[in-house]
Amino acid sequence: MASRRKEQPTEDGRHMETDVLVVGGGPAAAWAALSAAEAGARVILADKGYHGTSGATAPSNTGTWCVPPGEGRAASVEQRFKRTAGLADRRWMLRAADRAYENLQKLVDWGYPFPSEEDGSLYIANLRGPDYMRFMRQRVQKAGVTILDHHPILELLGDENHVGGAAGLSRRNGASFSVAAGAVVLATGGCAFFERILGGTGLTGDGYLLAAEAGASLSGMEFTGKYTLAPHGSSLNKGLPFRWATFYRESGEVLRDDRGEPVTNGIGGGERQVAEALLSGPVYARLDLAEPAIQDWLRRGQPNCFQPYDRMGINPFEQLFRVDLKYEGTVRGTGGIRIVSSDCGTGIAGLYAAGDAASRENVTGGVSGGGAINASWAIASGWWSGHGAAHHARSRKHRDFARLRPLGATGLRGAGQREDVELAVAARTVHDEIVPLDRSYWRKANVLEASRRILEDVWAGLNQAKPSVGIERLRAREVASVTASARWTVAAALLRTESRGVHRRSDFPREDERQASRIIVSGLDRVSALREDLALETAREG
Amino acid sequence: MIEVISSDRCIRCDICERVCPAFVFDRDETGLPVIARQDDCQTCFLCEIYCPTDALYVAEAAHGPIGIAEAEVVERDLFGAYARSLGWSRGRAGGAQNDPTRHIRVAQV
Ligand SMILES: Cc1cc2nc3c(=O)[nH]c(=O)nc-3n(C[C@H](O)[C@H](O)[C@H](O)COP(=O)(O)OP(=O)(O)OC[C@H]3O[C@@H](n4cnc5c(N)ncnc54)[C@H](O)[C@@H]3O)c2cc1C
Ligand code: SF4
Ligand code: SF4
């Protein structure tokens, strides 16, 4: 009994036209698509995966930064600003809080099943990933957006001074397709550097490469020293249960800090000690500080966290289990495409960025935005970029699609002829230069310098390789994107000769107030890193 | 990683093939899904909850298969376990309104 295919396979060379093309399928893409449609634009959303399950939110359970309007809001922003390592911008924080709150109210109006508080009011500061993203897909469909599932974008299309579309392939058959658009929103998520974290396989920093090929720059790529605990060998990088953990050595002996106290709270004070201990051997945990009520809330509120334990057949509240610190790159780190205007423009006409594809320094500075800020930023930046793109598309009603040319290079086109460049080897090499704790939890000049040279070689190899064809193009571009992201990360990390936020230099362990500005990286064959001397003073006063 | 597809439970609806974000499945000539690109699996458990008949099992190891067989999944009542704990049923969403995460969010960073 063969069942009917619900989706026609893309024929090779299919061409489409639209006002706004949204690249990605996570929350930022969904909000961008809804926003552009609301502004009257025709919208196509092209996702590498399935819009509704792809990305970092769908398999997770995300808390939002939910700050109601009123007198408390300024105080909330102020309190959060103190934790941003001096690099956030209060004006952006305030408007992101505002926009995210407005859009959470839209979810209420649309009937998203939020839980209720004891007094009957809705608790809207948490979104259960699978439910939220399924709900968003339905809204996006309802808004008349054309959804292309399993249609990754491989490159942008543009002319001398603007971006006017993109091209990609269908994963079903490797067929090429292209979309001419008045404007493009990159909502491709972050870069997980091939670490197996929740939602991470498709998160290869593709948007960063696409943007850089169009001439945009990135910012905050050094704020990528972010790791989260997970049961050993699993994909479950969810920190919350470890709030109630005590940590142990393989022998069963409790891990102790400098003062001889047991190491606890793996999402707070304990994280660093666990990281240090992991350098010299396996570390175990037990969620032994969770009282029965907490255990019940954890089980019912974070059921994904318990899948590994239940499947392994262990009780994490009573038994010791081995843990890893999983690397999260820019998914819970902060770096991404540099935003230059309030509508999330990238400085390249027709090109916008939202969610983890964009730098989140404006709202979270040099610390992780995971746990609250990132989800709200995805909502707010998605919304702004959708409006910005729709507006831009309207101003370019008379577009000359014939002048568009493909902007993609490494892995896709070029004169390379080598046939011995193995993508799997390149992927592993890059992973191993970035992911280990002694590469990105603690950094130092000589290690970074060695990585820089190795990554240069990988990049050169990718350029000398014979360009991929058919379905292989996807992997080639993913490896190129991760390699480029690694090079930008290392360049920024070398330039920041201090420790700040989630960038820790063991050779410069202290924060240096003269370096309280952002670092901008750009370039492909030649990477450059520059300090942006931000007018933060005005923001501080205002 | 995705490891088990129960051909007895599966009704050949093609949902898992469409919803898997990592495009892991193909289907054979009878419409039964086959795990065609296992190493691409991101161990997100989402195919399990979208499957209308709880016919899929994703093992906890993210780096490679552990070799678990259908009989053990049945015996330990693991088919549909994630869906049940969420409140999803027969591939339909449910249970978000009962999420007690607000009680523990205070501790989140
Ligand atoms: C386990 C976990 C828990 C988290 N918990 C929280 C939390 O509690 N609070 C919080 O604020 N944040 C949290 N985060 C972070 C949060 O999930 C992300 O910030 C958020 O998902 C970003 O949304 P996004 O739409 O930008 O990216 P994503 O949701 O990651 O989506 C990226 C999308 O881009 C698509 N894509 C990628 N490349 C291409 C391409 N070339 N062509 C087409 N499409 C492409 C992908 O398929 C995917 O659909 C968590 C992250 C993880 C991993
Ligand atoms: S979703 Fe379930 S029932 Fe449908 S094809 Fe897949 S395994 Fe079979
Ligand atoms: S666990 Fe996730 S990635 Fe793996 S097969 Fe299922 S849906 Fe696909």
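This text gives an overview of the structure that appears in the document. Residue positions are given per chain, counting from 1 as you read along its sequence in written order. Written order determines the labels here, with chains lettered from A and ligands numbered from 1. Only residues with pLDDT of 70 or above have their local features reported here, since the model is predicted, and side-chain atom pairs are shown and tallied only from 80 upward, although totals for entire chains, interfaces and linings are computed over all residues. Water and hydrogen atoms play no part in the side-chain values, which are based on all heavy atoms of the structure.

## Re the overall build of chain B
Under the DSSP-based scheme used, a helix requires at least four consecutive residues in state H or I and a strand at least two consecutive residues in state E, with every element numbered from the N terminus. A tally of regular secondary structure across chain B gives five helices and four strands. Each helix (α) and strand (β) of chain B, taken in turn from the N terminus, gives the series β-α-β-β-α-β-α-α-α. When the backbone C-alpha atoms are referred to their principal axes, chain B occupies close to 50 × 30 × 30 Å. Only protein chains enter the accessibility calculation, which uses a 1.4 Å probe; a residue whose area is less than 20% of its type maximum is buried, one above 50% is exposed, and one in between is partly exposed. Expressed as a percentage of its 109 residues, the buried residues of chain B come to 60%. Every residue pair with non-hydrogen atoms within 4.5 Å of one another is taken to be in contact. Taking the contacts inside chain B whose residues are at least 6 apart along the sequence as the reference set, 54% of them involve residues at least 24 apart. For chain B, the exposed area adds up to about 4,400 Å²; of that, 48% sits on carbon and sulfur atoms. In this count, Lys and Arg are taken as positive residues and Asp and Glu as negative ones, while His and the chain termini are left out. To locate a charge, the coordinates of NZ of Lys, CZ of Arg, CG of Asp or CD of Glu are taken. Separation of charge centres in chain B, based on 11 positive and 17 negative side chains, amounts to 10 Å. Per-residue and other accessible areas were derived by the Shrake-Rupley procedure at a 1.4 Å probe size, with only the shown protein chains allowed to occlude residues.

## Considering the side chain of A:R360
Residues and elements named next belong to chain A. With respect to the helices, strands and loops of the structure, R360 is situated in the loop between β15 (351–353) and α10 (361–364). A relative accessible area of 0% means that R360 is categorised as buried. Side-chain polar atoms of R360 contact the backbone oxygen of G333, separated by 2.9 Å. The contacts of R360, once residues within four sequence positions are left out, are Y208, T330, V331, G333, T334, G335, G355, G365, N374 and W377. Counting of polar contacts relies on pairs of N or O atoms within 3.5 Å, with two restrictions inside protein: one atom must be capable of donating a hydrogen and the other of accepting it, and residues adjacent in sequence are counted only when both atoms are side-chain atoms.

## Topic: the packing of aromatic side chains
All names here are of chain A. Working definition: rings of Phe, Tyr and Trp (its six-membered ring) pair if their centres are within 6.5 Å, and the pair is stacked with planes under 30 degrees apart, edge-to-face with planes over 60 apart, and tilted otherwise. One pass over the structure, following the stated rule, counts 17 aromatic pairs over all chains. With 6.2 Å between their ring centres and 65° between their planes, W31 and W383 make a pair best called edge-to-face. Of the two residues, W31 is situated in helix α1 (residues 27–38) and W383 in helix α11 (residues 373–395); the sequence distance between them amounts to 352 residues. On the accessibility criterion, W31 (0% relative accessible area) is buried. For W383, a relative accessible area of 6% translates into the label buried. Between F242 and F321 the ring centres are 6.2 Å apart and the planes differ by 55°, which places this aromatic pair in the tilted class. Here F321 lies in strand β13 (residues 321–327) and F242 lies in the loop between β10 (227–231) and β11 (246–249), a separation of 79 residues in the sequence. Pair check on accessibility: F242 and F321 agree, each one buried. The rings of F193, Y227, Y327, Y441 and W442 are connected pair by pair, giving a single aromatic cluster. Only lysine NZ and arginine CZ atoms are considered, and such an atom sits over a ring when it is within 6 Å of the ring centre and within 35 degrees of the ring normal. For the cation-ring pair, R243 lies above W244, with the distance from its terminal atom to the ring centre recorded as 5.5 Å. Across the ring face of Y441, the terminal group of R504 is positioned such that the distance to the ring centre comes to 3.7 Å.

## Re the environment of A:E361
Residues and elements named next belong to chain A. Along the chain, the position of E361 falls in helix α10. For the pair E361 and G336, spaced 25 residues apart in the sequence, the C-alpha separation amounts to 8.9 Å. Residues contacting E361, with those up to four places away along its chain left out, are L87, A88, D89, S219, G220, F223, T334 and R518.

## Notes on the interface of chain A and chain B
Contacts between the two partners involve 67 residues from chain A and, on the opposite side, 58 residues from chain B. Together, A:R134, A:R196 and A:R311 form the three largest contributors to the area buried by chain A at its contact with chain B, with a combined 16%. We define a salt bridge as a side-chain nitrogen of Lys or Arg found within 4 Å of a carboxyl oxygen belonging to Asp or Glu. Counting across the interface, chain A meets chain B through five salt bridges. Put simply, B:E48 and A:R311 hold a salt bridge, and the shortest N to O gap is 2.6 Å. Inspection of the chain A/chain B interface yields 25 residue pairs in polar contact (both at pLDDT 80 or more). For the side of chain A that touches chain B, the secondary-structure elements that each account for two or more residues are β3 (61–63), β4 (126–128), α4 (129–142), α7 (292–301) and α8 (303–312) of chain A. Sorting elements by how many residues they give to the side of chain A that touches chain B places α8(A) first, with seven residues. Class assignment of the residues belonging to the side of chain A that touches chain B gives a composition of 25 nonpolar, 25 polar and 17 charged. A quick way to say it: buried area is the sum, across both parts, of accessible area lost when two parts are put together, with a 1.4 Å probe. Three classes are used: nonpolar for Ala, Val, Leu, Ile, Met, Phe, Trp, Tyr, Cys and Pro, charged for Asp, Glu, Lys and Arg, and polar for all others, with Gly counted as polar.

## Digging into the sheet that holds strand β9 (residues 218–219) of chain A
Residues and elements named next belong to chain A. Any two strands between which DSSP finds at least two bridges are classified as paired. With antiparallel pairing, four strands are arranged side by side in an open sheet as β14-β9-β17-β18. This sheet does not close on itself; its edge strands, each paired only once, are β14 (336–337) and β18 (528–532). Here β9 pairs with strand β17 (residues 518–522) via two bridges, running antiparallel. Its bridge partner being in β17, L218 is matched across the sheet by V521.

## Regarding the packing of α1(A) against helix α3 (residues 90–110) of chain A
Residues and elements named next belong to chain A. Two numbers describe how α1 lies on α3: the axes approach to 13 Å, and their chain directions differ by 80°. Overall, the two elements α1 and α3 adopt an arrangement that is roughly perpendicular. Counted together, W31, L34 and E38 of α1 and N103, K106, L107 and W110 of α3 form the full contact between these two elements. By residue class, the composition of the contact of α1 with α3 is four nonpolar, one polar and two charged. Fitted lines through C-alpha atoms serve as axes, helices being fitted only where they are in contact, and the angles separating the N-to-C directions of these axes extend from 0 to 180 degrees. Note that the term roughly parallel is reserved for angles under 35 degrees, roughly antiparallel for angles over 145, roughly perpendicular for angles of 65 to 115, and oblique for everything else.

## With respect to the site of ligand 2
Throughout, the term near means that a residue has one or more heavy atoms lying within 4 Å of the molecule or strand in question. Within the structure, ligand 2 sits among 13 residues, and B:C10, B:I11, B:C13, B:C16 and B:C51 are positioned closest to it. A class-by-class count of the residues in the shell around ligand 2 yields 10 nonpolar, one polar and two charged.

## Focus on the pattern of salt bridges
Per the stated rule, a full pass over the model turns up 43 salt bridges over all chains. With its nearest N and O atoms 3.4 Å apart, the salt bridge here joins A:R259 to A:D257. When its relative accessible area of 70% is taken as the criterion, A:R259 is described as exposed. A relative accessible area of 16% places A:D257 in the buried class. Here A:E498 and A:R496 are joined by a salt bridge, their closest N and O atoms 2.7 Å apart. Pair check on accessibility: A:E498 and A:R496 agree, each one buried. If you follow the salt bridges from partner to partner, you end up with A:R172, B:D14, B:E17, B:R18 and B:R27 in one network.

## As for helix α14 (residues 445–464) of chain A
Residue and element names in this part refer to chain A. Taking 1.5 Å of rise per residue, 20 residues should cover 28 Å, and α14 covers 29 Å from first to last C-alpha, within 8% of that figure. When α14 is considered as a whole, its buried residues turn out to be L448, S451, L455, V458, W459, G461 and L462. End-on, the buried residues of α14 take up no more than an arc of 155°, which puts them together on one face. Of the residues in α14, the exposed ones pointing more than 90 degrees away from the buried face are N446 and D457. Of the surrounding elements, those touching the buried residues of α14 are α5 (206–213), α12 (423–434), α13 (437–440) and α15 (472–495). By definition here, a helix of n residues has an expected span of 1.5 Å times n minus one. Think of it as the arc spanned by the lines of direction from the helix axis to the C-beta atoms.

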